[in-house]
Amino acid sequence: MAIPQAVPGMNDVLPREVVRWRALEDAFRSTCERYGYREVRTPVCEYTELFQRSIGEVTDIVQKEMYTFTDAGERSLTLRPEGTAGAARAALEHAVLGAEPVARWFYLGPMFRAEKPARGRFREFHQVGAECYGDDSPAVDAEAIDLAVSYLHALGISRYTVRVNSIGSAATRAAWRESLVAYFAPLRETLSPESQARLTRNPMRILDSKDPRDLAVIPQAPSVLDALSPEDRAHFDKVLAFLDALGTTYTVDPGLVRGLDYYTRTVFEIVDTSDALGAQNALGGGGRYDGLFTELSPDAHVPAVGFAMGVERLLLAAPVRPVPTRFAVAVVAAARSDETSLHAAVLALAHELRTAGVETYVDTRFKSMKSQMRRVDDLGARLVLVLGGNELARGTVTVRDMAAHLQTDVDRGNVVAHVRSLASTAESSR
Ligand code: HAM
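Residues numbered from 1 in each chain as written. Predicted model: local features only at pLDDT ≥ 70, side-chain atom pairs only at ≥ 80, totals over all residues. Heavy atoms only, no water.

A.B. asks: Even after reading the chapter, I still don't get the site of the ligand, so can you show me in this structure?
C.D. replies: Around the ligand sit 26 residues in total, of which Glu82, Thr84, Glu115, Glu131 and Tyr263 are the nearest. Between the ligand and Glu82, the relevant distance is 2.5 Å, taken from a nitrogen atom to a side-chain nitrogen or oxygen of the residue. Looking at the shell around the ligand, the elements that each hand over two or more residues are strand 6 (124-133), strand 10 (282-288) and strand 11 (304-310). Among the elements that line the shell around the ligand, the one with the most residues is strand 10, at 6 residues. Of the residues belonging to the shell around the ligand, the class tally is 10 nonpolar, 9 polar and 7 charged. (Near = heavy atom within 4 Å. Polar contact = N/O pair within 3.5 Å; in protein donor to acceptor, adjacent residues only side chain to side chain. Helix = DSSP H or I, 4+ residues; strand = E, 2+ residues; numbered from the N terminus. Nonpolar A, V, L, I, M, F, W, Y, C, P; charged D, E, K, R; others polar.)

A.B. asks: What am I meant to see in the packing of aromatic side chains here?
C.D. replies: Here the distance between the centres and the angle between the planes together describe a pair of aromatic rings. Evaluation of the coordinates by the stated rule reveals 8 aromatic pairs. Consider the rings of Tyr133 and Phe293, whose centres lie 5.2 Å apart with planes at 70°: the pair is edge-to-face. With a gap of 160 residues between them, Tyr133 in strand 6 and Phe293 in helix 12 (residues 292-296) connect regions that are remote in the sequence. A single burial state applies to Tyr133 and to Phe293, both of which are buried. Ring plane angle 55° and centroid distance 6.4 Å describe the contact between Phe268 and Phe307, whose orientation is recorded as tilted. Linking Phe268 in strand 9 (residues 266-272) with Phe307 in strand 11, this pair joins segments that are 39 residues apart in sequence. Take Phe268: its relative accessible area is 2%, and that puts it in the buried class. In this structure an aromatic cluster arises from ring pairing among Phe28, Phe106 and Tyr151. (Phe/Tyr/Trp six-rings, centres within 6.5 Å; stacked < 30°, edge-to-face > 60°. Buried < 20%, exposed > 50% of the residue type's maximum accessible area, 1.4 Å probe, protein only.)

In structure tokens:
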């Protein structure tokens with residue numbers, strides 16, 4: 001029978017890779033906390049309607065990419081394709097903005113989109129994301145971009161471009177939409193089939209097309225920046241001024257529209273320029289979404305801004321740093337199997353070391369001493385503690401320092417303290 005396989009586009013992360021994942025997650029947590037963001041955890045599954053209302057009915061995500069199913073109670077549920085909708089739902093449901101005027105949240109976890117798998121594009125993928133609720137100031141837009149950029153630096157990613165745009169408030173966008181339709185309608189026949197369909201459904205998305213037929217006419221399309229109201233323009237100018245003050249290099253890209261419908265005013269994307277990602281080079285994106293809360297609950301007026309980044313893509317772009325070897329200890333039994341009391345003494349010593357915070361390995365197969373030593377060598381243990389009949393009789397442990405090629409006898413009662421002092425010397429000299 002064939003070996004069971006994972007679902008295409010859904011990946012296993014094996015222990016040797018988990019080390020890098022954890023480093024990336026830890027860096028996100030600490031960067032966010034330095035900016036005053038606090039972690040939130042929301043379910044991986046929400047009512048389908050939440051995503052339809054927030055991400056938008058005519059987006060690719062809602063139309064083609066959601067993992068939707070009906071549960072035993074005949075409710076339509078969807079595995080979250082992104083984190084913004086669920087976090088906003090949680091903020092509303094728990095009346096968070098009633099308790100504090102501004103809330104800054106971050107999250108990390110799996111997201112699901114039924115896209116065609118490719119390098120950097122998966123069906124189960126992971127995002128790190130941050131959202132700020134209750135502040136309409138352009139300062140917080142700039143701060144969110146600054147947070148994203150600081151995070152990239154923490155990961156050692158230096159080859160990227162920040163693209164920024166403003167798509168204006170809802171009224172601006174309605175007027176711009178009309179001028180886009182007026183511009184593209186006479187060119188309909190020359191557009192790609194996909195853009196022809198978008199002309200009536202979502203004309204802004206034509207600007208995102210990479211099809212050569214569309215690219216031929218996109219540059220002359222009306223720019224959203226010309227359609228901005230004076231208030232939108234002033235907001236955007238301040239975002240850019242704050243980014244300048246922060247020393248963040250960016251490109252204003254009037255063609256940047258994003259694939260989710262909830263955005264208003266500032267939108268941004270961070271694109272990898274190292275070629276590590278190929279076609280899927282967006283490391284992350286986000287923007288302001290001042291209308292989303294009202295969309296979910298007509299009485300809620302909560303300005304919001306945030307972003308999310310793809311963990312798998314960050315891992316492709318981040319330099320692979322050598323993982324520091326840890327100071328590990330092994331305890332071996334100096335006699336062949338079925339010596340129950342000796343093996344019990346080995347397990348008890350390992351337990352004591354682990355309780356004292358020392359990573360300790362025991363080859364519990366308890367084969368020959370030689371075989372145990374081979375395994376310990378493969379694992380790179382720094383110290384090997386040997387217990388045999390002689391040691392048990394003397395009440396000592398033989399401590400072999402593998403790096404220094406030293407062997408000493410230590411009283412059983414002192415061995416944990418001895419190992420800990422060696423470990424702390426090794427840590428501080430690293
Ligand atoms: P998004 O642009 O759809 O925005 O996704 C953000 C990032 O998630 C992308 O730039 C990419 O790195 C990663 N990503 C998206 N789809 C995939 C995939 N199929 N495979 C691998 N990585 C992927 C959002 O999701 C918004 N919720 C961001 C946001 C937060 N806006 C405001 N707040």
